[in-house]
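Structural features, examined
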Amino acid sequence: MTLTAALMWSIGRALLVTLVAVPLSKSVQQLVTAQRSGSLPQRLLTVAALLPLFVPELLTGFTWRLASAKLVHSTLATEALYAALLLCRIVALQFAVRLMLPGSPVSTEALHLWSMMPRRRTSLHWWKSWWRLKIFGPWRVPAIAFLAGMLLAFQDFETAALLQIDRHPVAWTVWLFDAHALGEPLSRALRFTVPAAAVQLLLIVPGLSLLVHGGRLQTAQQAVRQSSQSTAAATTGVGAITVTLTIGTTVVWPLLGNVPDAALGLLRLWQKGTLLPLSVQILRSAGEAFLAAGFALLAAYGLQSQRVHRKAWLTGRSAVALLPGLIGPLVTGLVLLSAFQLPILRPVYDTILPMLCSHVLMLLPRAVLLVAVLQVLAPAVARHSAELLRTARSPTVQQASNHLIWILQTRRWLLALAILTHWCFWDVTTASLLRPVQFEPIVIRLYNEMHYGRTESLVAMSGLSLLLPWTLTLVALQLCRRWN
Amino acid sequence: MTFSRIRPLTFAIFLGLLAAWLFTFRSSSSTPALVLYCAHDAVYAQPVIDLFTQQTGIPVDVRFDEEANKSLGLTNLLLAERAQPRCDVFWNNQTLGTIRLQQEDVLQPYRSAQAERIPDTFRDAEDNWTGFAARLRVYIVNTDRMEPTAAAIEQALSGDSLNRVAIAQPQFGTTLSHYSVLMAEWGEQRLQAWHTSLHDRGIREVRGNSMTRDLVAEGICDVGFTDTDDAFAALDAGKPVAMLPVRLEDRRTLCLPNSVALIRNCSHPELGKRFIDFLLSEQVELLLAQSARQIPLGTVDAASVPEEVRPLQEWAADSVDLKPAAEVNAVVLDWLIQEHTGQ
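On a predicted model such as this, the values are computed, not experimentally measured, just so you know. (Residues numbered from 1 in each chain as written. Chains lettered and ligands numbered in written order. Predicted model: local features only at pLDDT ≥ 70, side-chain atom pairs only at ≥ 80, totals over all residues. Heavy atoms only, no water.)

1. Considering the overall build of chain A
What counts is decided by this rule: Strands here mean DSSP runs of E at least two residues long; helices mean DSSP runs of H or I at least four residues long; both are numbered from the N terminus. Radius of gyration here is computed from C-alpha atoms only, and the compact-globule reference equals 2.2 Å multiplied by the residue count raised to the power 0.38. Relative accessible area decides the class of each residue, using a 1.4 Å probe on protein chains only: under 20% of the type maximum gives buried, over 50% gives exposed, and in between gives partly exposed. We call two residues in contact when some of their heavy atoms are within 4.5 Å. Where accessible areas are quoted, they stem from the Shrake-Rupley method and a 1.4 Å probe; at the residue level, only the protein chains shown are allowed to cover.
In terms of helices and strands, chain A carries 21 helices and zero strands. Rg of the C-alpha trace for chain A: 24 Å, near the compact-globule value of 23 Å for 484 residues, within the 12% margin. The dimensions of chain A, computed from C-alpha atoms along their principal axes, are 70 × 60 × 55 Å. When each of the 484 residues of chain A is scored for burial, the buried share is 55%. Sequence separation of at least 24 residues holds for 80% of the intrachain contacts in chain A that already meet a minimum separation of 6. As displayed, chain A offers around 21200 Å² of accessible surface, 70% of which is attributable to carbon and sulfur atoms.

2. Some words on the side chain of Gln-341 of chain A
Considering the arrangement of structural elements, one finds Gln-341 of chain A in the loop between α15 (329–339) and α16 (353–377). The buried category is assigned to Gln-341 of chain A, whose relative accessible area is 16%. With sequence-adjacent residues up to four places away left out, Gln-341 of chain A is seen in contact with Arg-346 and Tyr-349 of chain A together with Ala-80 and Glu-81 of chain B.

3. A look at the environment of Leu-210 of chain A
Residues and elements named next belong to chain A. Within the secondary structure, Leu-210 is located in helix α10 (residues 186–213). Taking C-alpha positions, Leu-210 is 7.0 Å from Ile-144, a pair spaced 66 residues apart along the chain. Excluding residues that lie within four positions of it along the chain, Leu-210 makes contacts with Ile-135, Phe-136, Arg-140, Ala-143, Ile-144 and Leu-147.

4. With respect to helix α11 (residues 282–292) of chain B
Since the α-helix turns once every 3.6 residues, residues separated by three or four places project in the same direction. Restricting attention to buried positions, one finds in α11 of chain B the residues Val-284, Glu-285, Leu-286, Leu-288, Ala-289 and Ala-292 of chain B. Of the residues trailing α11 of chain B, Arg-293 of chain B is marked for its positive phi of about 55 degrees.

5. A few points about the packing of aromatic side chains
Centre distance and the angle of the planes are the two values used to describe a pair of aromatic rings. To be explicit about the condition: Geometry of aromatic contacts follows a simple scheme: Phe, Tyr and Trp rings, the Trp one being its six-membered ring, pair when their centres are within 6.5 Å, and the pair is stacked under 30 degrees between planes, edge-to-face over 60, tilted otherwise.
All told, the structure shown has 20 aromatic pairs over all chains when counted by the stated rule. Between Trp-126 of chain A and Trp-130 of chain A the ring centres are 5.4 Å apart and the planes differ by 10 degrees, which places this aromatic pair in the stacked class. Here Trp-126 of chain A and its partner Trp-130 of chain A are both found in helix α6 (residues 124–135), four residues apart, which amounts to about one turn of the helix. Classification of Trp-126 of chain A by relative accessible area gives buried; the value is 5%. Between Phe-52 of chain B and Phe-275 of chain B the ring centres are 4.9 Å apart and the planes differ by 90 degrees, which places this aromatic pair in the edge-to-face class. Separated by 223 residues along the polypeptide, Phe-52 of chain B in helix α2 (residues 42–56) and Phe-275 of chain B in helix α10 (residues 269–279) bring together distant segments of the chain.

6. Overview of the pairing of strand β3 (residues 89–92) of chain B
Residue and element names in this part refer to chain B. We apply this condition: Strands pair, by our definition, only if DSSP identifies at least two bridges between them.
Here β3 shows no split at all, with Val-89 and Trp-91 on one side and Phe-90 and Asn-92 on the other all buried. In terms of strand pairing, strand β1 (residues 34–38) meets β3 through three bridges, oriented parallel. The partner of Cys-38 across the bridge, within β3, is Trp-91. Pairing between β3 and strand β10 (residues 255–263): four bridges, direction antiparallel. In the sheet register, Phe-90 faces β10, and the bridge partner there is Ala-261.

7. Focus on the interface of chain A and chain B
A common way to express how large an interface is: the accessible area buried when the components associate. Here is the rule: When two components associate, each loses some accessible surface as probed by a 1.4 Å sphere; the sum of these losses over both components is called the buried area. Each reported salt bridge corresponds to a side-chain nitrogen of Lys or Arg within 4 Å of a carboxyl oxygen of Asp or Glu. As used in this structure description, the phrase polar contact means that two N or O atoms lie within 3.5 Å; if the pair is within protein, one of them must be able to donate a hydrogen and the other to accept it, and residues adjacent in sequence are counted only when both atoms belong to side chains.
Taken together, the contact pairs 71 residues of chain A with 66 residues of chain B. Approximately 6700 Å² of surface area, both sides summed, lies buried where chain A meets chain B, with 59% of it carried by carbon and sulfur atoms. Contact with chain B buries area across many residues of chain A, yet Leu-182, Val-437 and Gln-438 of chain A alone supply 11% of it, more than any other trio. Our enumeration of links across chain A and chain B arrives at four salt bridges. Ionic pairing is found between Arg-167 of chain A and Glu-205 of chain B, a salt bridge with its closest N-O pair at 2.7 Å. Linking chain A with chain B are 18 residue pairs in polar contact (both at pLDDT 80 or more), by the criterion used here. Counting residues per element, the side of chain A that touches chain B draws most heavily on helix α13 (residues 275–310) of chain A, which supplies nine residues.

8. Side note on a nonpolar patch on the surface
Note the following rule: Patch membership requires over 30% relative accessible area and the absence of a salt bridge. Like charges are linked within 9 Å, and nonpolar side chains (Val, Leu, Ile, Met, Phe, Trp, Tyr) within 5 Å.
Together, Trp-131, Ile-135 and Trp-139 of chain A line one region of the surface with nonpolar side chains, adding up to about 290 Å² of accessible area. With respect to the helices and strands, the residue Trp-131 of chain A is situated in helix α6.

9. A word on the pairing of β10 of chain B
Residue and element names in this part refer to chain B. The buried fraction of β10 is high, at nine of nine residues. Pairing between strand β4 (residues 107–108) and β10: two bridges, direction antiparallel. By the bridge assignment for β10, Leu-107 is matched with Ile-263. Note that strand β5 (residues 130–142) and β10 share six bridges and pair antiparallel. Looking at the pairing, Ala-134 lines up with Pro-257 of β10.

10. Describing the side chain of Glu-205 of chain B
Summarising the element assignment, Glu-205 of chain B is placed in strand β7 (residues 204–206). Of note is the side chain of Glu-205 of chain B, whose polar atom sits 2.6 Å from the side chain of His-199 of chain B. Apart from residues lying up to four places away in sequence, Glu-205 of chain B is in contact with Ile-165, Asp-166 and Arg-167 of chain A together with Ile-167, Ala-168, Gln-169, Pro-170, His-195 and His-199 of chain B.

11. Points about the packing of helix α3 (residues 57–70) of chain A against helix α12 (residues 229–272) of chain A
All names here are of chain A. Applied cut-off: Interaxial angles span 0 to 180 degrees and are taken between N-to-C directions of axes, which are lines fitted to C-alpha atoms, for helices over the stretch in contact. When an angle is under 35 degrees it counts as roughly parallel; over 145 it counts as roughly antiparallel; between 65 and 115 it counts as roughly perpendicular; any other value is oblique. Residue polarity is assigned by list, with Asp, Glu, Lys and Arg as charged and Ala, Val, Leu, Ile, Met, Phe, Trp, Tyr, Cys and Pro as nonpolar; anything else, Gly included, falls into the polar class.
Interaxial distance between α3 and α12 falls to 10 Å at its minimum, and their mutual angle equals 70 degrees. It follows that α3 is roughly perpendicular to α12 by the angle criterion. Of the residues in α12, those in contact with Phe-62, Thr-63 and Trp-64 of α3 are Thr-249, Trp-253, Pro-254 and Asn-258. Counted by class, the contact of α3 with α12 contains four nonpolar, three polar and no charged residues.

12. Some words on the confidence of the model for chain A
Residue and element names in this part refer to chain A. Put simply, the rule reads: For every residue, the pLDDT score states the predictor's confidence, bounded by 0 at the bottom and 100 at the top.
Residues of chain A with pLDDT of at least 70 account for 93%, and the chain-wide mean is 85. Mean pLDDT values for the elements of chain A range from 43 in helix α11 (residues 220–223) up to 95 in helix α1 (residues 3–33). Segment residues 218–224 is flagged for pLDDT under 50; beyond a separation of four residues in sequence, or across chains, it makes 14 contacts in the model.

13. Topic: unusual backbone geometry
The peptide bond linking His-168 of chain A to Pro-169 of chain A adopts the cis configuration, its omega dihedral lying at 0 degrees. Relative to the assigned elements, Pro-169 of chain A resides in the loop between α8 (158–163) and α9 (172–181). Positive phi, close to 30 degrees, is recorded for Ala-133 of chain B, a residue that is not glycine. Phi angles above zero are rare outside glycine, and Arg-293 of chain B is one such case at about 55 degrees. Under the relative-accessibility criterion, Arg-293 of chain B is labelled buried at 8%.

14. Side note on the nonpolar core
Stated precisely, the cut-off is as follows: Nonpolar core, defined: a set of buried Ala, Val, Leu, Ile, Met, Phe, Trp, Tyr and Cys residues in which side-chain atoms within 4.5 Å join the residues together.
Ranked by size, the top nonpolar core spans 260 residues in total, and within it Trp-91 and Phe-275 of chain B carry the most contacts. At 15 residues, the largest contribution of residues to this core is made by α16 of chain A. By size, the runner-up hydrophobic cluster in this structure holds five residues, among which are Val-106, Trp-114, Trp-126 and Trp-130 of chain A.

Below is the structure:
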């Protein structure tokens, strides 16, 4: 199979799955917003709908790979299973996008008024403005959700690699890995990545443009759009089914299948006295991931400042900085491996620096997107108002101001940091290429446990690797809140 | 936009401190540590390494191969690092990759006194590497689905449909070694014809031997090409499987030893030599026979060899010499690249 064919498969699948995900994520959003604002059901539903995004691909792939094996006699079934697993994550991502971004800044009244204007079908100006109103109005959030979903589906590697039998599911990322495994030189591998990077730029550029230019305030009318009772019931019904299926596929099924093994594995780890060293290994891995996420966020913030300063939404320098992240961790890792063999960099080769650099570069495109989202989420007007409140003499008002700033800004930045850390923590390609001898990230160990067929210890370790950093994150968030 | 609370400068200082802390994760011991690259499964190799440290007091910094990385791993890493290697000793779980390193001048000859135990077939004439503790290429058969006999396997493999037969992708691991042996035996055209025939008849190609094992163990396929260690893993899990050696037309088997080699220009050659002496000892071969069911290649106390490994010793005695396979390995890879990329 040629790279072009593998790319076509990846693009086609990403397109199909993402198109299906758009209405599903909308129904999930409507299900969540139908609940009383701030109520427990609403919070639980939100968490449930977002969870598939945070289930490590290793666990999903591991849980479903035997099912994939059972489908070996039908290529179509293997592809459908993979697409379904991707769909779960994409629906969660698109729901997150819909949850975070404000609705349309263009009201339905404005659109109606524009459509009432005379000579509307003959004037180019009319059509141009009509499309502009639509794209930056009601189509903006679905379009961003669509582009983000496409990007996620197109970049996937691990799930495809874990499920693959008879070269299906076909994915360009797996194709590239295999080409390099066969000994393709780095120069050719770099050439292979050009079309894939171009595809991703085609997704990121309009996404950023829509994010930055689309306005930051929604109309009240958009937020409470009217719909008939039967339509609303049908939509929330679809939303409920979607959440049930995505949670069932990515969380409940793996849990049901693995909880007894996890308990047994934990018991064995406890008996062997390896729980403490394992926890240290997890925390060290999380520390490196946190560091990479922090630097990536800082770099994204720097690029963002440059954008504001130059009044361009994507500068050439920014695009160059994003490229290593777009060509994938394999090729970026190999380039850095070569670079750190140069005499000037060789002294720091056996440190965490090469791995850290690669992780920062890998995370940068996602960090840039997150910073753009954060910018949209915390409009200057709101922040300024909150800051003004802090000058008040009343301690109560000052306290309220601190609380507002926490909600509008600090908490969101910390969550963005936690999300980037999570993505980095579970990346295996960079770690396997660039880690120093004395530092074995936990994800490498998990992959090896999977190979040895030691299911109990694999699921126990995976559970700990998932719970320990997130528990620490929640504790840190609480501490930050108190400190705030 | 500004962070009013998480100011970038403060945040950067915090990250810098964290980085400094992570950079301090170096060996705290004052004794220089041997740096070992190990492609053998960590679960079996670590006790051997611990025993070495216990007996000699020499600490070992080990980097295991990553299964996620497959053949991209340690061999390629050693090639990339050859100008200034950080590794002292390479413990490979095969020999072809080690011979490739020898061809690329990455290895340094060392004749260990313990190497005298090992037959000439399994070591380099110029002492660049020495083989020990082997596994075999085998057919894994689901005994609920078919008889575990050579005749039944032959019949299954010569049928019109191979959609109940599994094999790992030939670019990885021991399947690559298998293909290289066949290339050396048959020549390029016959190997390609065989490969094409397997695919035309619908053989199930998976990403690794462990997946082959799982397909057969679960009864999704009836028979597959794998290694003894994977077959033993299925047997340990109580699966209805049996194994038979893969044999060439002249009845020779494919025995794939571990190999150990000293790295040229390494930092701790003396420590490396001591480790190689230890690894090639009878004690370690027996340890690996008992834990990983690897076949001792050197002379060992026969009574100490586990019952289940003894038949494997007989099969291994019929093994083909892997050196001709190493010579054609590059040709196999070139062909597989063309197959994969369609160019």
